Protein chains: 2
Amino acid sequence: MRGELIFVGTELLLGQIVNTNAAYLGENLARLGVDLYYSSVIGDNLERIKNTTQTALSRSELVIITGGLGPTFDDITREGIATAINRELVYDPEVMAQIEAHFNRVKYNILPMHRRQAYVFKTGCQVVPNPVGSAPGLIIEVDGKWIIAMPGVPREMERMCNDTIFPWITKRAGKGIIKSRVLKVCGMGESTVADALNEIVEPLTNPTIAFLARPNEVSVRITAKANDSDEADRMIAVVADQIRTKLEDNVFSEDNQTMEEVIGCLLVKNLETLAIAESCTGGLVSDRITDISGSSRYFQGSVIAYSNNVKSQLLNVSESDLEQYGAVSSTVALQMAKGVRKLLNTDYGLGITGIAGPTGETPDKPVGLVYIAVASDKRNNAREFRFLGERTTIKRRASQMALDMLRRELLIK
Amino acid sequence: MRGELIFVGTELLLGQIVNTNAAYLGENLARLGVDLYYSSVIGDNLERIKNTTQTALSRSELVIITGGLGPTFDDITREGIATAINRELVYDPEVMAQIEAHFNRVKYNILPMHRRQAYVFKTGCQVVPNPVGSAPGLIIEVDGKWIIAMPGVPREMERMCNDTIFPWITKRAGKGIIKSRVLKVCGMGESTVADALNEIVEPLTNPTIAFLARPNEVSVRITAKANDSDEADRMIAVVADQIRTKLEDNVFSEDNQTMEEVIGCLLVKNLETLAIAESCTGGLVSDRITDISGSSRYFQGSVIAYSNNVKSQLLNVSESDLEQYGAVSSTVALQMAKGVRKLLNTDYGLGITGIAGPTGETPDKPVGLVYIAVASDKRNNAREFRFLGERTTIKRRASQMALDMLRRELLIK
């Protein structure tokens, strides 16, 4: 089934909100085997809703339209579709009763303008209940093709998709699915990864491979078209194994896990504990570690040592070393890692110190210079990094490489 | 000037990444007076890049295309445009020299595939430097209309827009601008804000008002159409004053500053210092504080006290209180705030303890229960909150309310 998305909303065009519905629908439709080639954003304008709907119907079997079903005067998606397919909208008292029930449930007063939401198509139209909002969805048949209209509020749209729309699509999409798996790589740039995998990737037609670069992380997505989920899994596994063999330990995650999830799994498996001493990352590494539910099993705590006082007083970093080598140095990173490990009595200590910028650089210490150290019974290890970007990007990159260094230490037997 | 956006990338269609570039460009083009009616997302497919570019050129004067300028085989936006406008791409040694300079700067090896990025149009084409990446942008004239192609990596695109593209557009866009200002509110829900402002908002036609809710933050955007920037500023200021009078101290920012920027300004102004003790937020509050350049002037550091041991050992939280009231309690939040303030010798101490979930709740302490305390010479103040949402949402909401509590304490004379 070939599908197409239309997002209606001037606020989307003007960039006042980010279109997260696009990602949600894109991901799920791919999973359901709908081929998506086009996706458009248009404002709340009758003519453009009409034209875009007609163009979409001319080249796709399934047109999903979100937004513009609200009660206010600028919500005119219903009218736009009516004009596009030349079909009449009629007031439906049963739909009105559902809308009233919703307002009673949430204890809001219903207003005259909400009557507009009870208009549906007289023929070829299935009304989709909205359990968490007032605007119902519509499934409209047009000469053997389909338009699905849903509210733009993500919470309402997602609920409607899960309850009604996705099961409806699954029934009609027939045979064949698309399935993806994501391997994540740290420690190599995007073009280095692409280059290393070139001879694996080039001859492939199914599955296919796509790369996506984030700060100090490259996702390698393997996408297979197959008759069913098991077949897709088998096709993907063959390619994933080849990639894993080629990139070795640089692959940190084989099924889209985050770096912090991977570290959590390793620490839980080894029954080991962690403490962190952060300077330039300012708490970001600890924040990421504690995004994982159950992290209290291995994470004891951190010291965010932003000032030199805190470094020497709490982490026992030598004041003369601070003076001699500076706070941004390999030796201070190591002392931070050892210090926090001892202070919080853990198996691993992770220390990060650097210059996140844009101010604070000196002739020999540029913005982006970061030292990361891991202390454990196995060994004490420190490394120097130079990151590019804005302050928050440098923090993000440093947090990623700190976690990756820790991961590699955890893997040492 | 009528503009149109085309985003090229199968990963966008498949929902593997969220299209934040759309919001960035939408917002800025509106500000520059470009009328945006259409925005499309298509995959990395030659035929569809060609068709969409031709359709866009037929109805808009300015077509901005992002993505698909990378070095790998699936990056074919250049070729798609070439086919659409029937114009030849040629290898440009000067562009190649810039690409090589970039790779030298970041100390990466240049690969044969990067040569592809040095192909530009033979005629009617201005090459736009990319100071933070390898792919240059292109400004292409086509029969008095314009195509602008930029890389899809947000950091590279934004830099290119600021340095070259926006000034270029400003020159050509001519008269009339749209300008916005964002007031941010904390401590009131979206509908409460909308209700309170109803009599201000309803009669307005220019400026207009839009609301946007984020976790524990409501943005009120005032948008004016005017002949020039000064006129727009004056029109916006009148409405902003009315809103400020109505919502009082719940307005924490009057020009789109983040909560952490506002707190930084207050601490710098008062020459005061801050230390933080975090449990359930796991470092997120400190991370946000240190996102601000210059935060080392007021932020001494934090203790992330994830285990009870750390709470009692480092922050001097009473072990018997931990036993009697539990770690998630008003008294422990207060002791954390006081403890970290004393430990790091600061003017303010901020303490946060709670249950981020999804596990860890008890019959009398549900997921989302959070206690926040601020300690200072003025007073010691603790409050109970109940937040809804996933683990990371609860962390985010708790961090926001912690910073807002701190802000309100900072405002006390």
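Note that this is a predicted model, so its numbers are computed, not measured.

## Observations regarding the pairing of strand 17 (residues 380-386) of chain B
Residue and element names in this part refer to chain B.
And then number 1: Of the pairings in the sheet, the one linking strand 16 (residues 369-375) to strand 17 comprises 7 bridges and is antiparallel in character. Its bridge partner lying in strand 17, Tyr-371 is registered against Glu-384.
And then number 2: The hairpin turn running from strand 16 into strand 17, its antiparallel successor, is 4 residues long.

## Quick notes on the sheet that holds strand 9 (residues 177-185) of chain A
Residues and elements named next belong to chain A.
And then number 1: A sheet is described by the order of its strands in space; here 4 strands give the open sequence 10-11-9-12, paired in antiparallel fashion. Strands with a single pairing partner mark the edges of an open sheet, and in this sheet they are strand 10 (208-214) and strand 12 (251-253). On average, each strand axis in the sheet is inclined to that of its neighbour by 35 degrees, with strand direction left out of account.

## Quick word on the sheet that holds strand 12 (residues 251-253) of chain B
Residues and elements named next belong to chain B.
And then number 1: Across the sheet, which stays open at both edges, the 4 strands sit in the order 10-11-9-12 with antiparallel pairing between neighbours. Here the strands that pair on one side only, and so sit at the sheet edges, are strand 10 (208-214) and strand 12. Going across the sheet, the axis of each strand differs from the next one's by a mean of 35 degrees, ignoring polarity.
And then number 2: Relative to strand 11 (residues 217-226), strand 9 (residues 177-185) runs antiparallel, the two being bridged by 9 bridges. Bridge pairing links Ser-180 to Thr-223 in strand 11.

## Quick notes on the relation of the copies chain A and chain B
Note on the chain copies: they are related by a rotation about an axis and a translation along it.
And then number 1: Rotating chain A by 179 degrees and moving it 2.3 Å along the rotation axis overlays it on chain B with an RMSD of 2.7 Å.
And then number 2: Of all interface residues in chain A, 87% are interface residues in chain B too; the two copies therefore contact each other through one and the same surface.

## A few points about the interface of chain A and chain B
And then number 1: Chain A puts 62 residues into the contact, and the matching count from chain B is 63 residues.
And then number 2: Those elements giving two or more residues to the side of chain A that touches chain B turn out to be helix 1 (10-13), helix 2 (20-31), strand 2 (35-42), helix 7 (190-196), strand 10, helix 11 (284-289), strand 14 (299-305) and helix 15 (391-411) of chain A.
And then number 3: In terms of residues, the side of chain A that touches chain B owes the most to one element, helix 2 of chain A, which gives 8 residues.
And then number 4: Among the residues forming the side of chain A that touches chain B, the class breakdown is 29 nonpolar, 25 polar and 8 charged.

## Let's talk about the pairing of strand 16 of chain B
Residues and elements named next belong to chain B.
And then number 1: A large share of strand 16 lies buried, amounting to 7 of its 7 residues.
And then number 2: Because side chains alternate across strand 16, one face comprises the buried residues Leu-369, Tyr-371, Ala-373 and Ala-375, and the other comprises Val-370, Ile-372 and Val-374, equally buried.
And then number 3: Pairing of strand 15 (residues 348-354) with strand 16, which is carried by 6 bridges, proceeds in the antiparallel orientation. In the strand pairing of strand 16, Gly-349 is matched with Ala-375.

## Looking at the domain arrangement of chain A
All names here are of chain A.
And then number 1: Per the domain assignment, the segments making up chain A are domain 1 (2-173), domain 2 (177-253) and domain 3 (259-411).
And then number 2: At the junction of the two partners, domain 2 supplies 8 residues and domain 3 supplies 11 residues.
And then number 3: When grouped by side-chain class, the residues that make up the side of domain 2 that touches domain 3 number 3 nonpolar, 3 polar and 2 charged.

## A look at the environment of A:Asp377
And then number 1: Take A:Asp377: it is sitting in the loop between strand 16 (369-375) and strand 17 (380-386).
And then number 2: Considering only alpha carbons, one finds A:Asp377 and A:Gly43, 334 residues apart in sequence, at a separation of 61 Å.

## Considerations on the confidence of the model for chain A
And then number 1: On average, residues of chain A score 93 in pLDDT, and 100% of them are at 70 or above.
And then number 2: Complex prediction metrics read pTM 0.78 and ipTM 0.78.

## Thoughts on helix 3 (residues 46-59) of chain A
Residues and elements named next belong to chain A.
And then number 1: Relative to the 20 Å expected for 14 residues at 1.5 Å per residue, helix 3 spans 21 Å between its end C-alpha atoms, a close match to the ideal helical length.
And then number 2: Among the residues making up helix 3, those that are buried are Ile-49, Thr-52, Thr-53, Ala-56 and Leu-57. Angular distribution of buried residues about the axis of helix 3 spans 135 degrees; they occupy a single face of the element. Away from its buried face, by an angle of more than 90 degrees, helix 3 presents the exposed residues Glu-47, Ser-58 and Arg-59.
And then number 3: Those residues of helix 3 that are buried lie in contact with strand 1 (2-8), strand 2, strand 3 (62-66), helix 4 (77-85), strand 7 (137-142) and strand 8 (145-150).

## Quick look at the packing of helix 2 of chain A against helix 6 (residues 154-173) of chain A
All names here are of chain A.
And then number 1: Between helix 2 and helix 6, the least distance of the axes is 10 Å, while the angle of their chain directions is 20 degrees. Here helix 2 lies roughly parallel to helix 6, going by the angle between them. Between helix 2 and helix 6 lies a crossing whose hand is right-handed. Residue-level contacts link Thr-20, Asn-21, Tyr-24 and Asn-28 of helix 2 to Pro-154, Met-157, Glu-158, Cys-161 and Phe-166 of helix 6.
And then number 2: Of the residues contributing to the contact of helix 2 with helix 6, the split by class is 5 nonpolar, 3 polar and 1 charged.

## Observations regarding the environment of A:Phe121
All names here are of chain A.
And then number 1: When you line up the elements, Phe-121 lands in strand 5 (residues 119-121).
And then number 2: On a C-alpha basis, the gap between Phe-121 and Ala-173 in space is 24 Å, while along the polypeptide they are 52 residues apart.
And then number 3: Setting aside its immediate chain neighbours within four residues, Phe-121 contacts Arg-87, Leu-89, Leu-138 and Ile-140.

## Regarding the packing of helix 10 (residues 259-270) of chain B against helix 15 (residues 391-411) of chain B
In a packed pair of helices, the relevant descriptors are the angle between the two axes and the axis-to-axis distance.
Residues and elements named next belong to chain B.
And then number 1: Two elements in contact, helix 10 and helix 15, have axes whose closest approach is 10 Å; the angle formed by their N-to-C orientations is 30 degrees. Taken together, the axis directions place helix 10 and helix 15 in an arrangement best described as roughly parallel. With respect to the hand of their crossing, helix 10 and helix 15 are arranged in left-handed fashion. Note on element contacts: helix 15 touches helix 10 through Gln-400, Leu-403, Asp-404, Leu-406, Arg-407 and Leu-410, opposite Met-259, Glu-260, Val-262, Ile-263, Leu-266, Leu-267 and Asn-270.

Rules of the game
Residues numbered from 1 in each chain as written. Chains lettered and ligands numbered in written order. Predicted model: local features only at pLDDT ≥ 70, side-chain atom pairs only at ≥ 80, totals over all residues. Pairing = 2+ DSSP bridges. Helix = DSSP H or I, 4+ residues; strand = E, 2+ residues; numbered from the N terminus. Axes fitted to C-alpha atoms, helices over the stretch in contact; angles between N-to-C directions. Least-squares fit on C-alpha atoms with pLDDT ≥ 70 in both. Contact = placed C-beta atoms within 7 Å. Nonpolar A, V, L, I, M, F, W, Y, C, P; charged D, E, K, R; others polar. Buried ≥ 20, exposed ≤ 12 C-beta atoms within 10 Å, placed from the backbone. Domains from an automatic or database assignment. pLDDT = per-residue confidence, 0-100. Expected span 1.5 Å × (residues − 1). Arc of directions from axis to C-beta. Parallel < 35°, antiparallel > 145°, perpendicular 65-115°, else oblique. Left-handed = near helix turned anticlockwise from the far one by under 90°.

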